[in-house]
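Here is what each chain is made of, one letter per residue.
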Amino acid sequence: MIRDCDSTTTAQSGDRENILGKEILLKMYRMMVLARRFEERVNLLFVSSEVPGTVHLYTGQEAVAVGVCLAIRPDDWITSTHRPHGHAVAKGIPVRELMAELFARTTGCCRGYGGSMHVGDMAYGMLPAIAIVGGNIPVAAGLALACKRLANGKVVACFFGDGASSEGAFHEGVNMAAIWDLPVVFVCENNLYGASTHVKRVMRVEHVADRAAAYGIPGVTVDGMDVVAVHDAVAEAADRARSGMGPALVECETYRFVGHSRTDPGLYRTKEEVEYFKSRDSIKCLRARVADAGMATEDEFTEIDQSVERELEEAIEFARKSPHPLPEDCLKHVFVGKEG
Amino acid sequence: MARTLTIVEALKEAIREEMDRDPRVFCIGEDIGTPGGWGGAFTVTNGLSDEYGLDRILDTPIAEIGLAGVAIGASIGGLRPIADVQYGDFLFCMMDQLANQAAKLTYMSGGKINVPMVMRVPVGATTRAAQHSQSLEGLFIHIPGLKVAAPCTAYDAKGLLKTAVRDDNPVMFFEHKLLYGSRGNRAEAGALNASGEVPEEDYTIPFGRGVVRREGTDVTILGKLITVYRAMEAAEILAKDGIEAEVIDPRTLVPFDWDMLMTSIKKTGRLVIVDEEPATGGWAAEIAARAVEKAFDWLDAPVLRVTAPDTPVPFAPEMEQFYLPDARKIVVAVRQII
């Protein structure tokens, strides 16, 4: 299933690129670069203590967030995890609002009440991220129940990791979505490690997607470093869900290029393994494929790269200049309404 | 027109009226709709699936994490779920969803989203032993972001449930098994009669507004759920000795009617708190602390608590009787401070 980023792959999938078209491929490229560079800038801002708290960087997994969010509609909903920055970028939350949230400013997407692990904004179709592993899965089923009952035509994409698939919440949430044919796509980002623990040590089946059989729903494993593969699998699952045929589980085999969180040097992984996945970097692969297909020039990529840098620069400036909350603002928003 | 209804009937009427009023309202729980089943563990939704269909009286698998999570997600997505957990003890299975998701999502989003769900919870010791008997309202007052209701009459049960359904925040709605008035083979041994007059017309009861159940001048007795009735029994016994107890019922624990409590303390100078939960770190402890902080100058005697001991709920009826607060224990406490 996993393919190397080489000319053979490009030749085989050239038709697919033509069908998708230049516009969406370059959109994918830009979003992936934006998600990648966002994390690289955040890492530096964090190391220099400008960003407080902790961060779980998405670096390396960009093809999953972007493939999923471009396969669903802008007004569809997603739920996310403790590693949510890439999902938020791909879902279209303005990076200035994401950056301001990480800076703990009132202009952030959660007004400084959420921080890195809870970014989100339903105005852009993203539930504030739930950082309890697996906790978002039954909630996603509930959102999908609302979609079905209200007949609003939406589907829900639920992101979670390989580790979450061992949680009870996974079993209960996926099962309920299955028995009620709810419009939800369960997207497992299998990056091989739950924090430091390799998935093979905690899962007897070969693929997370194998678990779909237990719920009587389709399960498919795709190359999570290939944004087109992710996109196509999720588009199919979303169409199916939207037409009332119920949920599916799409497992995306991916890799984080960095540690689990801020203090993790990743000593549990071999250098060879890290290098292998870096050689299959989804952004490099996509760029090569699009270039090989003759659909974009170096200048066009450079222009995109530069526009991403400008957008991030502006976002960081916006965050820096944004107001801090008042200390006593911590008393607000416990409830909505007059008690809030 | 008012009729006399049991709490089960009052709750069912509230659910029916709210489902008629708002198509977004639905019930979700284990064994709540199956024809030929019970309509929930205590018959509250019995028969409703005939009227509203199984989509709106939605049976779940035996899966409390999923039940709570689906209710939370559905409420964020635009529906108004009334969830039913068969026994309060099962809340522990879904604690992550309640404490980390329902209670915190509004806050984490900076007030941008809300979770308008109701979780109906039967509590109270009824010789079902340790895992089907616990009263645990006090645990939930300690989780900011959850409202907590605890009605003890049919009138309050209907009015507060309607308020809970219309509230934009998550509400834990506690009901006492011995107060339901369930009939037939779901009737409870040792049940009290909590029936009362309930208007047919629409009404709601605001949260945070308690009621004085009995006026008195010598001591304030604060209870909740069944202990309001135990306090009333104690007050009758004390009255024979010329001690006039004021019995107050907060009806909701979050928000709590501090004005009513402080007013009563200023009037009587004495406070006894009665609670079916274990003492340590509980609701009664919180009330006592606040009373001392805010009303010390008006208190003529130490604040006392009459609670369950710090043990799980026992099984043997004589042990359970020993465990539970009753009128005699309340009378003993009052006599200690008068």
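Predicted model, so just to flag it, every value in this text is computed and none were measured. (Residues numbered from 1 in each chain as written. Chains lettered and ligands numbered in written order. Predicted model: local features only at pLDDT ≥ 70, side-chain atom pairs only at ≥ 80, totals over all residues.)

## A few points about the overall build of chain A
Here is step 1: Scanning chain A from terminus to terminus reveals 12 helices and 7 strands.
Here is step 2: Scaling as 2.2 N^0.38, a compact globule of 340 residues should have a C-alpha radius of gyration of about 20 Å, and chain A matches this with 19 Å.
Here is step 3: With respect to the three principal axes, the spread of C-alpha positions in chain A is 60 × 50 × 40 Å.
Here is step 4: Each of the 340 residues in chain A was classed as buried or not, and the buried ones make up 54%.
Here is step 5: Partitioning the contacts of chain A with sequence separation of at least 6, the portion at a separation of at least 24 is 76%. (Helix = DSSP H or I, 4+ residues; strand = E, 2+ residues; numbered from the N terminus. Rg over C-alpha atoms; globule rule 2.2 N^0.38 Å. Buried ≥ 20, exposed ≤ 12 C-beta atoms within 10 Å, placed from the backbone. Contact = placed C-beta atoms within 7 Å.)

## Looking at the overall build of chain B
Here is step 1: Within chain B, the regular secondary structure consists of 12 helices and 14 strands.
Here is step 2: By the compact-globule yardstick of 20 Å for 338 residues, chain B fits well, its C-alpha radius of gyration being 19 Å.
Here is step 3: Along the three orthogonal principal directions, the C-alpha set of chain B runs to about 55 × 50 × 45 Å.
Here is step 4: At a minimum sequence separation of 6, the contacts of chain B that also span at least 24 residues come to 77%.

## Some points on the packing of helix 6 (residues 136-150) of chain A against helix 3 (residues 64-76) of chain B
Here is step 1: For the pair helix 6 of chain A and helix 3 of chain B, the least separation of the axes is 6 Å and the interaxial angle reads 45°. Our classification of the angle between helix 6 of chain A and helix 3 of chain B gives oblique. Remark: the crossing between helix 6 of chain A and helix 3 of chain B carries right-handed chirality. Contacts from Pro138(A), Val139(A), Ala140(A), Ala141(A), Gly142(A), Leu143(A), Leu145(A) and Ala146(A) of helix 6 of chain A reach helix 3 of chain B at Ile65(B), Gly66(B), Gly69(B), Val70(B), Ala71(B), Ile72(B), Gly73(B), Ala74(B) and Ile76(B).
Here is step 2: Taken together, the residues that form the contact of helix 6 of chain A with helix 3 of chain B break down as 13 nonpolar, 4 polar and no charged. (Axes fitted to C-alpha atoms, helices over the stretch in contact; angles between N-to-C directions. Parallel < 35°, antiparallel > 145°, perpendicular 65-115°, else oblique. Left-handed = near helix turned anticlockwise from the far one by under 90°. Nonpolar A, V, L, I, M, F, W, Y, C, P; charged D, E, K, R; others polar.)

## Here's the deal with the domain arrangement of chain B
All names here are of chain B.
Here is step 1: Domain annotation of chain B identifies domain 1 (2-199) and domain 2 (211-337).
Here is step 2: A straight line from the C-alpha centre of domain 1 to that of domain 2 covers 26 Å.
Here is step 3: Counting residues at the interface gives 26 residues for domain 1 and 22 residues for domain 2.
Here is step 4: The set of elements that each furnish at least two residues to the side of domain 1 that touches domain 2 consists of helix 6 (137-141), strand 6 (147-149), helix 7 (154-166) and strand 7 (171-176).
Here is step 5: Looking at the side of domain 1 that touches domain 2 residue by residue, the classes come out as 16 nonpolar, 7 polar and 3 charged. (Domains from an automatic or database assignment.)

## Notes on the interface of chain B and chain A
Buried accessible area, meaning the area lost when the parts come together, often serves as the stated size of an interface.
Here is step 1: Each side of the interface is counted separately: chain B has 34 residues, and chain A has 38 residues.
Here is step 2: Where the side of chain B that touches chain A is concerned, the elements lending two or more residues are helix 3, helix 4 (95-102) and helix 5 (105-108) of chain B.
Here is step 3: Take the side of chain B that touches chain A: its biggest share by element is 9 residues, from helix 3 of chain B.
Here is step 4: In terms of residue class, the side of chain B that touches chain A is made up of 15 nonpolar, 16 polar and 3 charged.

## A few points about helix 1 (residues 7-21) of chain B
A turn of α-helix holds 3.6 residues, and therefore any two residues three or four places apart point the same way.
Here is step 1: Helix length check: helix 1 of chain B, at 15 residues, gives a terminal C-alpha distance of 21 Å against a target of 21 Å (1.5 Å per residue), a fit within 8%.
Here is step 2: Along helix 1 of chain B, the residues that are buried comprise Ile7(B), Val8(B), Glu9(B), Ala10(B), Leu11(B), Lys12(B), Ala14(B), Ile15(B), Glu18(B) and Met19(B). (Expected span 1.5 Å × (residues − 1).)

## Some remarks on the packing of helix 1 of chain B against helix 7 of chain B
Residue and element names in this part refer to chain B.
Here is step 1: For the pair helix 1 and helix 7, interaxial distance at closest approach is 8 Å and the crossing angle is 30°. Taken together, the axis directions place helix 1 and helix 7 in an arrangement best described as roughly parallel. At the point where helix 1 passes helix 7, the crossing takes the right-handed sense. Between helix 1, through Ile-7, Ala-10, Leu-11, Glu-13, Ala-14, Glu-17 and Glu-18, and helix 7, the contact on the second element is made entirely by Ala-154, Ala-157, Lys-158, Leu-161, Lys-162 and Val-165.

## Some thoughts on the sheet that holds strand 11 (residues 245-249) of chain B
All names here are of chain B.
Here is step 1: Overall, mixed pairing links the 5 strands, which are arranged 9-11-10-13-14 in an open sheet. Each edge of the open sheet carries a strand with a single partner, namely strand 9 (211-214) and strand 14 (304-308). With direction set aside, neighbouring strand axes in the sheet form an average angle of 25°.
Here is step 2: As defined by bridge partners, strand 10 (residues 219-222) adjoins strand 13 (residues 271-278) across 3 bridges and the pair is classed as parallel. (Pairing = 2+ DSSP bridges.)

## Focus on the environment of Pro23(B)
Here is step 1: Turning to its location among the elements, Pro23(B) is positioned in the loop between helix 1 and strand 2 (25-29).
Here is step 2: For Pro23(B) and Leu79(B), which are 56 residues apart along the polypeptide, the C-alpha to C-alpha distance reads 8.5 Å.

## Quick notes on the confidence of the model for chain A
Here is step 1: When the pLDDT values of chain A are averaged, the result is 95; 96% of them are 70 or greater.
Here is step 2: Below pLDDT 50 for its whole length, residues 7-11 of chain A participates in 6 contacts with residues either more than four positions away or in separate chains. (pLDDT = per-residue confidence, 0-100.)

## A closer look at the sheet that holds strand 7 (residues 248-253) of chain A
Residues and elements named next belong to chain A.
Here is step 1: The 5 strands are arranged 1-2-3-7-6 in an open sheet whose pairing can be described as parallel. Of all strands in the sheet, those bounded by a partner on one side alone are strand 1 (77-79) and strand 6 (219-223). Taken over all neighbouring pairs, the strand axes of this sheet differ in orientation by 20° on average, direction set aside.
Here is step 2: In this sheet, strand 2 (residues 156-161) lies alongside strand 1 in parallel orientation, the contact comprising 3 bridges.

## Here's the deal with the environment of Gly108(A)
Residues and elements named next belong to chain A.
Here is step 1: Along the polypeptide, Gly-108 turns up in the loop between helix 5 (95-102) and helix 6.
Here is step 2: Linking Gly-108 and Pro-94, residues 14 residues apart in sequence, is a C-alpha distance of 9.8 Å.
Here is step 3: Filtering out sequence-adjacent residues up to four positions away, Gly-108 remains in contact with Glu-97, Ala-100 and Glu-101.

## Some details on the confidence of the model for chain B
Here is step 1: The share of residues in chain B with pLDDT of 70 or more is 100%, and the mean pLDDT across the chain is 97.
Here is step 2: As scored by the predictor, the complex reaches a pTM of 0.96 and an ipTM of 0.97.

## Some words on the nonpolar core
Here is step 1: In this structure, Val184(A), Val185(A), Val187(A) and Val234(A) are the most contacted members of the largest nonpolar core, which totals 211 residues.
Here is step 2: No fewer than three residues from each of domain 1 (2-199) and domain 2 (211-337) of chain B sit in this core.
Here is step 3: In this view, Val187(A) contacts Val64(A), Val68(A), Ala157(A), Cys158(A), Phe159(A), Val234(A), Val250(A) and Cys252(A); residues no more than four positions away in its chain are not counted. (Core = buried A, V, L, I, M, F, W, Y, C linked by C-beta atoms within 7 Å.)

## What about unusual backbone geometry?
Here is step 1: Here the bond from Val254(B) into Pro255(B) is cis, since omega is -5°, no more than 30 degrees from zero.
Here is step 2: Turning to its location among the elements, Pro255(B) is positioned in the loop between strand 12 (252-254) and helix 9 (258-268).
Here is step 3: Phi at Ala195(A) takes a positive value of approximately 55°, unusual for a residue other than glycine.
Here is step 4: When you line up the elements, Ala195(A) lands in the loop between strand 4 (193-194) and strand 5 (197-198).
Here is step 5: Of note, the phi angle at Thr43(B) is positive, near 70°, even though the residue is not glycine.
Here is step 6: Residue classification places Thr43(B) among the buried residues on the basis of 24 C-beta atoms within 10 Å.

## What to know about helix 3 of chain B
All names here are of chain B.
Here is step 1: Helix length check: helix 3, at 13 residues, gives a terminal C-alpha distance of 18 Å against a target of 18 Å (1.5 Å per residue), a fit within 8%.
Here is step 2: Across the 13 residues that make up helix 3, a large majority, 13, are buried.
Here is step 3: Two residues or fewer past helix 3, Gly-78 is found with a positive phi of approximately 120°.

## Considerations on the pairing of strand 7 of chain B
Residue and element names in this part refer to chain B.
Here is step 1: Of all 6 residues in strand 7, 6 are buried; the element is thus mostly enclosed.
Here is step 2: Residues Val-171, Phe-173 and Glu-175 line one face of strand 7 and the alternating positions Met-172, Phe-174 and His-176 line the opposite face, and both faces are buried.
Here is step 3: The pairing of strand 5 (residues 118-123) with strand 7 spans 6 bridges and is classified as parallel. Paired with Val-118 across the two strands is Val-171, which belongs to strand 7.
Here is step 4: As paired strands, strand 6 and strand 7 are joined by 3 bridges and run parallel to one another. Bridge pairing in strand 7 links Val-148 to Met-172.
Here is step 5: As a crossover connection, the stretch from strand 6 through helix 7 into strand 7 is right-handed. (Right-handed = clockwise from strand over helix to strand, strands pointing away.)

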